[in-house]
Amino acid sequence: MTELQNLRRLIGSNFLMPDVGAAAEATIIDTNKAFTISLWRTCARSLLDGVGWTNSKIAMRAFDGGATLQVSAPTDALFAATHLIELSWDAVSAQLADETYDIDAAIEALRAQIASELAPKEVALAQAAQKHGVTYLGHDDKISLGLGVGAAVYETADLPTPDAVDWDRLHDVPVAMVTGTNGKSTTVRLAAAIGAAAGKCVGLSSSDWVRVGGDILDEGDYSGPAGARLAVRDPRVELAIIETARGGLMRRGLPVPKADVCVLTNIAADHLGTYGIMDVAALADAKFQLSQAVRPRGRLVLNADDPELVARSTQFGGDITWFGLKFGQAARDVWIATGSRVAFVCDGQLMLARDGKAMPVLSIDDFKPALGGAAEFNVYNALAAISLADALDIPRSAMAVGLAGFTDSPDENPGRGNYIEVGGLTLLIDFAHNPHGVAALAPAIKSFPSKRRLVIAGQAGDRSNKDTCDMIQAMWTIEPDVVVVAELPHLLRGREPGDLTKVMSDELLRLGASEDGIIKTGTEFEAVLEALEWAQPGDFLALLIHEDRVRTMAFLDTLRKCGWQAGDALPPQNAT
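Here the structure is a predicted model, which is why all the values come from computation and not from measurement.

K.L.:
So what about the overall build of the protein? Which residues, and what values?
P.N.:
Looking only at helices and strands, one finds 17 helices and 24 strands in the protein. Compactness check: the protein gives a C-alpha radius of gyration of 25 Å against a globular reference of 25 Å for 576 residues, within 12% of the reference. Projected onto its principal axes, the C-alpha positions of the protein cover 75 × 55 × 55 Å. Contacts in the protein between residues at least 24 apart in sequence constitute 65% of all its contacts with a sequence separation of at least 6. Accessible surface, the protein: about 23200 Å² in total, of which carbon and sulfur atoms supply 50%. On the protein, the mean spot of the 51 positive side-chain charges and the mean spot of the 74 negative ones are 5 Å from each other.

K.L.:
I'd like to hear about the pattern of salt bridges, residue by residue, with values.
P.N.:
Applying the stated rule across the entire model yields 27 salt bridges. Across the salt bridge formed by Asp141 and Lys142, the nearest N and O atoms sit 3.9 Å from each other. Connected via shared salt-bridge partners are Arg341, Arg354, Asp355 and Asp390.

K.L.:
Which residues make up the packing of helix 16 (residues 524-534) against helix 17 (residues 549-561), and what values go with them?
P.N.:
In contact at an axis separation of 10 Å, helix 16 and helix 17 are set at 30° when each is read in the N-to-C sense. Taken together, the axes of helix 16 and helix 17 lie roughly parallel to each other. Where helix 16 crosses over helix 17, the handedness of that crossing is right-handed. Residue-level inspection shows Phe525, Val528, Leu529 and Leu532 of helix 16 in contact with helix 17, the latter providing Arg551, Thr552, Phe555, Leu556 and Leu559.

K.L.:
Now, about the nonpolar core: what can you tell me, with residues and values included?
P.N.:
In this structure, Val175, Met177, Ile242, Cys262, Ile277 and Leu300 are the most contacted members of the largest nonpolar core, which totals 46 residues. Looking at this core element by element, the count peaks at five residues for helix 8 (residues 280-288). Residues within four places of Met177 in sequence aside, it is in contact with Ile242, Thr244, Leu254, Pro255, Val256, Ala259, Val261, Cys262, Val263, Leu290 and Ala293. If you look at the next biggest cluster of nonpolar residues, it comprises 42 residues, including Ile194, Ile241, Leu350 and Val379.

K.L.:
Requested: an account of helix 2 (residues 78-96), with residues and values cited.
P.N.:
Between its first and last C-alpha, helix 2 extends 27 Å over 19 residues, near the 27 Å set by a 1.5 Å rise per residue. All of the buried residues along helix 2 are Leu78, Ala80, Ala81, Thr82, Leu84, Ile85, Leu87, Ser88, Trp89, Ala91, Val92 and Ala94. The inward-facing, buried residues of helix 2 contact strand 1 (5-10), strand 2 (21-27), helix 1 (33-50), strand 4 (66-72) and helix 3 (103-117). Once helix 2 ends, the next one or two residues include Asp98, with phi positive near 60°.

K.L.:
Explain the sheet that holds strand 1 residue by residue, including any values.
P.N.:
Strand order in the open sheet made by the four strands is 1-2-4-3, with antiparallel pairing throughout. The open sheet has two free edges, formed respectively by strand 1 and strand 3 (58-63), since each of these has just one partner strand. Averaged over all pairs of adjacent strands, the angle between strand axes in this sheet comes to 15°, irrespective of strand direction. When strand 3 meets strand 4, the two strands line up antiparallel, connected through six bridges. In the sheet register, Ala62 faces strand 4, and the bridge partner there is Ala67. In the packing of helix 2 onto the sheet, the strands contacted are strand 1, strand 2 and strand 4, and the crossing angle to strand 2 comes to about 25°.

K.L.:
Account for the packing of aromatic side chains, with residues named and values stated.
P.N.:
Counting across every chain of the model gives five aromatic pairs. Here the aromatic rings of Trp40 and Trp89 are separated by 4.8 Å at their centres, their planes lie at 65°, and the arrangement is edge-to-face. Highlighted residues: Trp40 in helix 1 and Trp89 in helix 2, separated in sequence by 49 residues. The pair Trp40 / Trp89 is uniform in exposure class, with both members buried. Ring centres of Phe525 and Phe555 lie 5.7 Å apart, and the angle between their planes is 80°; on these two criteria the pair is classed as edge-to-face. Here Phe525, found in helix 16, pairs with Phe555, found in helix 17; they are 30 residues apart in sequence, far enough to count as distant. There is no split in this pair, since Phe525 and Phe555 are both buried. Among the aromatic residues, those joined into a cluster by ring pairs are Tyr419, Phe448 and Phe540.

K.L.:
Quick rundown of the side chain of Arg233? Include the residues and the values.
P.N.:
With respect to the helices and strands, the residue Arg233 is situated in the loop between helix 6 (225-232) and strand 12 (239-243). Given the relative accessible area of 14%, Arg233 is considered buried. Of the polar contacts made by the side chain of Arg233, one reaches the backbone oxygen of Leu137; its length is 3.2 Å. Contact partners of Arg233, with chain neighbours within four places excluded, come to Leu137, Gly138, Asp140, Lys142, Ile143, Ser144 and Val153.

K.L.:
A description of the pairing of strand 19 (residues 418-422) should follow, citing residues and the corresponding values.
P.N.:
Side chains of strand 19 alternate between two faces, with Asn418, Ile420 and Val422 buried and Tyr419 and Glu421 left unburied. When strand 19 meets strand 20 (residues 425-430), the two strands line up antiparallel, connected through five bridges. Counted as the bridge partner of Ile420 is Leu427 from strand 20. If you look at the hairpin formed by strand 19 and strand 20, you'll find two residues sitting between the two strands, and Gly423 has a positive phi there, around 55°.

K.L.:
Which residues make up the sheet that holds strand 24 (residues 540-544), and what values do they have?
P.N.:
Read across the open sheet, the six strands follow the order 19-20-24-21-22-23; overall the sheet is mixed. A single partner strand is all that each edge strand has here, and the edge strands are strand 19 and strand 23 (518-521). Going from strand to strand, the sheet's axes swing by 20° on average, the running direction of each strand aside. One ladder, built from five bridges, connects strand 21 (residues 453-458) with strand 22 (residues 482-486); its direction is parallel. By the bridge assignment, Leu454 is partnered in strand 22 with Val482.

The rules we used
Note that residues are indexed from 1 along each chain, following the sequence as it is written. Under the rules for a predicted model, residues below a pLDDT of 70 receive no local features and side-chain atom pairs below 80 are neither given nor counted, while totals for whole chains, interfaces and linings still include all residues. Hydrogen atoms and water are omitted, and side-chain values are computed over all heavy atoms in the structure. The numbering of helices and of strands both runs from the N terminus, where a helix is a DSSP run of H or I of at least 4 residues and a strand a run of E of at least 2. We take the radius of gyration over the C-alpha atoms and set the globule estimate at 2.2 Å times the residue count to the 0.38 power. Only heavy atoms matter for contacts: two residues are in contact if any of them lie within 4.5 Å across the pair. Using the Shrake-Rupley algorithm and a 1.4 Å probe, accessible areas are obtained, with residue cover drawn only from the displayed protein chains. As used throughout, the charge tally considers Lys and Arg to be positive and Asp and Glu to be negative, leaving His and the chain termini uncounted. Here the site of a charge means NZ on Lys, CZ on Arg, CG on Asp, or CD on Glu. A side-chain nitrogen of Lys or Arg and a carboxyl oxygen of Asp or Glu constitute a salt bridge if their distance falls within 4 Å. Under this scheme, a helix contributes an axis fitted over its contacting stretch, all axes are lines through C-alpha atoms, and angles between N-to-C directions fall in the 0 to 180 degree range. Put simply, angles under 35 degrees are roughly parallel, angles over 145 are roughly antiparallel, angles from 65 to 115 are roughly perpendicular, and the rest are oblique. By convention the crossing between two helices is left-handed if the near helix lies anticlockwise of the far one by an angle smaller than a right angle, and right-handed if it lies clockwise. Buried Ala, Val, Leu, Ile, Met, Phe, Trp, Tyr and Cys residues that are joined via side-chain atoms within 4.5 Å together make up what is termed a nonpolar core. Exposed residues in this analysis have more than 50% of their type's maximum accessible area, buried residues have under 20%, and partly exposed residues fall in between, with area computed by a 1.4 Å probe over protein chains only. In this scheme, a helix's expected span is set at 1.5 Å multiplied by one less than its residue total. Here a strand pair is declared whenever DSSP counts at least two bridges between the two strands. The pairing test for Phe, Tyr and Trp rings, Trp by its six-membered ring, is centres within 6.5 Å, and the orientation test on the planes gives stacked under 30 degrees, edge-to-face over 60, and tilted for anything in between. We define a polar contact as two N or O atoms separated by no more than 3.5 Å, with the added condition that, inside protein, one atom must be a possible hydrogen donor and the other a possible acceptor, whereas residues neighbouring each other in sequence contribute only through side-chain atom pairs.

Take a look at the structure:
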């Protein structure tokens, strides 16, 4: 038996149930696993009934090596709910060890905690918001009623009564949420560019920043609930587009309870092994929970070329827009003839079909991030953004303007397919960190003429050896002359220093790399310096970096300003 893992409050609809509550994972050995899981449920039920939560639900899910237990709970008692799960596991551990457990004392302690958490004003406002049909967001130092320009935001220490709220002025603004393994950030930013072209003030949350209009409110990974709330609570926002990452979904639940359109870009192996998500099928189930958030008469947007999403599409009873590149024409024509919606490519054009008609949006040649079609992953991202915009009734003209004006520059879309030229070199700055993402980049990289190619490889410690080797195999399809293997010291996540460096180097040797074709470094930035020192004019450097992107971009800017050319000595680091 071990301690619980990932004990968490769920402030929105989650993987296993639509209710707020709490959840945790426990490691459980296979011997008598069914008995242990059943015992855990029984202990949790006893505590729920003991504190008077007789209507609370329990959901459990077994996975290889353990199980998840989730309970629903009153919205103003979620810390107590997490404590209840912890105590239920203590009870299981005691019984399996043939020790006495005082269930009455546990119930008494929980009752006291519940009483201390009670927040009747918050509960009353949440209930009133539901009655008036506006979004309620709470469980932090603020609560908000409505969204964007239609929102009112209050400090929890100074809440009004429901009767004191001017409900007539409150309303929601359109909301889109985007999830998937790869392409989330770019799709969100493409959709925001389209929204801006339509004259909307867009609130955008992503893995790099929260932005409202042209103003960045804060930088950092804001692909979870905190970023969503920062965006949708801004009084300027007329349209919110929310990147919704797996971690936030599993840790806190849906960032907003309802959306007008939800997009799933693709499903591929990444971040497996946390929150009980051990394989791609489970990951797909976890991400597909976004479909629960689609409002009545809203739309779900799915990648038709992704088998995991196609398989789960039957679970959704509403309207679906499909996007993709591999439609059979006959099936697509039937789908269009029925008046259904689809985004696809035909004769070099990004197309949108609705109401029985297929209409061009923009030539692929005019969408710069597509690299004339070589960057197929960005064609998918554009089709997803078109589908999202269409679900919000944004006109095709704005789609064309927004997409045509999107440069995929480091300023507009940092770390996502940023191609720049410095000192006679072509460089790619990209965040690709899983096999699916790296494999998608390979054709685009190989479309650039170059004398030699170099790739930087790095990996976070929470990836398995297999996932890491799969990424290296995808990287090898780029046909690099040299691979710089970088340690990520701030992302070891329990690994020993050098562990993943050895895994990656060994896999490269197995694939046929020479010892001279592998350079090992202690950090990503050291890897960048090694790459630049190795390079000669006409080379292509794929800088697939995680931690040191900002520092790298600043250094490249220094090189550009001082007129550095490949083959020259690099300026001293204090020059940056």
